[in-house]
Amino acid sequence: MEKKTVWIKTFGCQMNIRDSEIMSQKLAEQGYRACASLEEASLIVINTCSVRAKAEQKLFSLLGSLRAAKQANPSLRICVAGCVAQQEGKNIVERMPHVDLVIGTQQIYDLPEVLARAGTVQVRTELSETYHIPRYLQDPGSLSPAPEAEETALFSRYVTIMQGCNNFCTYCVVPFTRGREVSRRAADIIDEVTRLVGTGVREIILLGQNVNSYGRENPVCEDGAPYPFSRLLRDVAGIEGLRRLRFTTSHPKDLSDDLISCFAELDNLCPQFHLPVQSGSDAILRKMNRKYTRADYLDKVDRLRAARPDLALTTDIIVGFPGETDADFQATMELLERVRYHGSFSFKYSDRPNTAASSYTDKCSEEIKSERLRIFQRRQDEISLERNREYLDRIVDVLLESVQDDGAMGRAPTNHIVHLEKRPDASPGSFIRVRVTGAGQHSLKGVPLGS
Ligand code: SAH
Ligand code: SF4
Ligand code: F3S
């Protein structure tokens, strides 16, 4: 019988991690088993990211290194999926003829059917304007083919609520690689979460490129009534047994008052918010097509903090966007001082295919970008440490993710990683109360109460 073993490599965001899980569940249904090393694989799936040039380069260097594996084993099948697949299509096969399959971001549910058509090289990257997310429920028991899934313990699960993006920020490739915004049916999401919680899942992370516009572009319930993200959040939070609810990502322009109220109302909605600002300069925000000003953003931050004073806020920053002056960059640094984020992801601007910004002529030099990134990150690290020190001596509930002989690791409601230096009397998936005894830049240390 044909050996069916799959090795999946995932690059990119949480949406891609979830898409890999979907592909692996589909493959498991067809009798595929996960394998730990690519040498044992009969099928290799690489789920790719195109958000910055570096992410794309990683794919091509991995593909280059797989040429020998294919020569040694001609029956090996190599599939490229995800955002680079969507963007490059048949160019991938032209550049790397040992690739058998290229499937786009709307074809992940069809992977087994595409695979079944053996023998020919296939490129399937249609991006439909009328795409619907199929009715499909995740089964945590069948996620074993994704090596990444083993790292994420089974009591914390991602649930995709929408696909695509309509915002066209001028630097961003995502609207081109993921297509137009489409929201999943609310009933499917609620069924999925209910089922997951029934199997012992404690924490759910709702995913979309811009969850705040959930339900805007297509009806998501039978009667076609308005069903905004805040309503979904309330309905999911109300599912019996769900202990922690998080979501990502939010666009500041679509952050509603009603969503802010959810932070005051819903006990199991975690006090954590990722609100990408990208720049502190109004001129740059305009050139980025972000559709909010620095003042709008700061007002939303204040209102979020008023609703939930213990909220841990994180952001994304791009430095060296075309035309960014020293004064613009200074405005970003001032915003950092004003908001004092608990943490941030910061990137040097990277030219991406099809985007408006890639044709701008006032690009910053590599030196300027590197220098600004260094300055930003150095200050953010200091602030993160100061922020984390605020937790010293506080008591936090930790959801344990891993337990070893000499310690354990888990997460606080704010999503801080908490390390325990002694093995607790509890197993992964349980909650323990911990006194914080140490604070680093990226994590906290603590001891279980009563020990
Ligand atoms: N949908 C999310 C994030 C998408 S990509 C949002 O709207 O916030 C994640 C982050 O990558 C972005 O927030 C941005 O900071 C960064 N990013 C996107 N395109 C980039 C580019 N061309 N160069 C550098 N960073 C980029
Ligand atoms: Fe990209 Fe902007 Fe859409 Fe986020 S909102 S995915 S940054 S276009
Ligand atoms: Fe990358 Fe695509 Fe996600 S470009 S960040 S994998 S949506």
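The rules we used
- Residues numbered from 1 in each chain as written.
- Chains lettered and ligands numbered in written order.
- Predicted model: local features only at pLDDT ≥ 70, side-chain atom pairs only at ≥ 80, totals over all residues.
- Heavy atoms only, no water.
- Helix = DSSP H or I, 4+ residues; strand = E, 2+ residues; numbered from the N terminus.
- Rg over C-alpha atoms; globule rule 2.2 N^0.38 Å.
- Buried < 20%, exposed > 50% of the residue type's maximum accessible area, 1.4 Å probe, protein only.
- Areas by Shrake-Rupley, 256 points an atom, 1.4 Å probe, with all protein chains shown as cover.
- Lys, Arg positive; Asp, Glu negative; His and termini not counted.
- Charge placed at Lys NZ, Arg CZ, Asp CG, Glu CD.
- Near = heavy atom within 4 Å.
- Nonpolar A, V, L, I, M, F, W, Y, C, P; charged D, E, K, R; others polar.
- Pairing = 2+ DSSP bridges.
- Axes fitted to C-alpha atoms, helices over the stretch in contact; angles between N-to-C directions.
- UniProt positions renumbered as here; feature names shortened; annotations may be inferred.
- Parallel < 35°, antiparallel > 145°, perpendicular 65-115°, else oblique.
- Left-handed = near helix turned anticlockwise from the far one by under 90°.
- Contact = heavy atoms within 4.5 Å.

(A) Summary view of the overall build of the protein chain. When its secondary structure is counted, the protein chain shows 14 helices and 19 strands. Computed over the C-alpha atoms, the radius of gyration of the protein chain is 22 Å, within 12% of the 22 Å expected from 2.2 N^0.38 for a compact globule of 451 residues. The principal-axis extents of the C-alpha atoms in the protein chain amount to approximately 60 × 60 × 50 Å. A buried classification covers 55% of the 451 residues belonging to the protein chain. On the protein chain, roughly 19,000 Å² of surface is accessible, and the fraction owed to carbon and sulfur atoms is 50%. Across the protein chain, the 59 positively charged side chains and the 60 negatively charged ones have centroids separated by 1 Å.

(B) The site of ligand 2, seen in detail. The local shell around ligand 2 consists of C165, N167, F168, C169, Y171, C172, V174, P175, Q209, H251 and R290. Tallied by class, residues from the shell around ligand 2 come to seven nonpolar, three polar and one charged.

(C) Broad picture of the sheet that holds strand β12 (residues 272-274). The parallel open sheet is built from three strands, whose spatial order is β12-β13-β14. Since the sheet does not close on itself, it has two edges, and those belong to β12 and β14 (343-348), each with one partner. For this sheet, the mean inter-axis angle between neighbouring strands, taken without regard to orientation, is 10°. In this sheet, β14 lies alongside strand β13 (residues 312-319) in parallel orientation, the contact comprising six bridges. Bridge pairing in β14 links T314 to G343.

(D) Geometry of the UniProt feature "domain: TRAM" (unreviewed entry) in the protein chain. The feature "domain: TRAM" (unreviewed entry), as annotated in UniProt, sits at residues 389-450 in this numbering. Split by type, residues 389-450 is 2% helix and 55% strand. Its first and last C-alpha atoms lie 22 Å apart.

(E) Molecular detail of the packing of helix α12 (residues 294-307) against helix α13 (residues 326-339). For the pair α12 and α13, the least separation of the axes is 12 Å and the interaxial angle reads 15°. By the angle between their axes, α12 is roughly parallel relative to α13. The way α12 lies across α13 gives a crossing that is right-handed. Where α12 approaches α13, its residues R294, Y297, L298, V301, D302 and R305 are matched on the opposing element by A331, E334, L335, R338 and V339. When the residues that make up the contact of α12 with α13 are grouped by side-chain class, the tally is six nonpolar, no polar and five charged.

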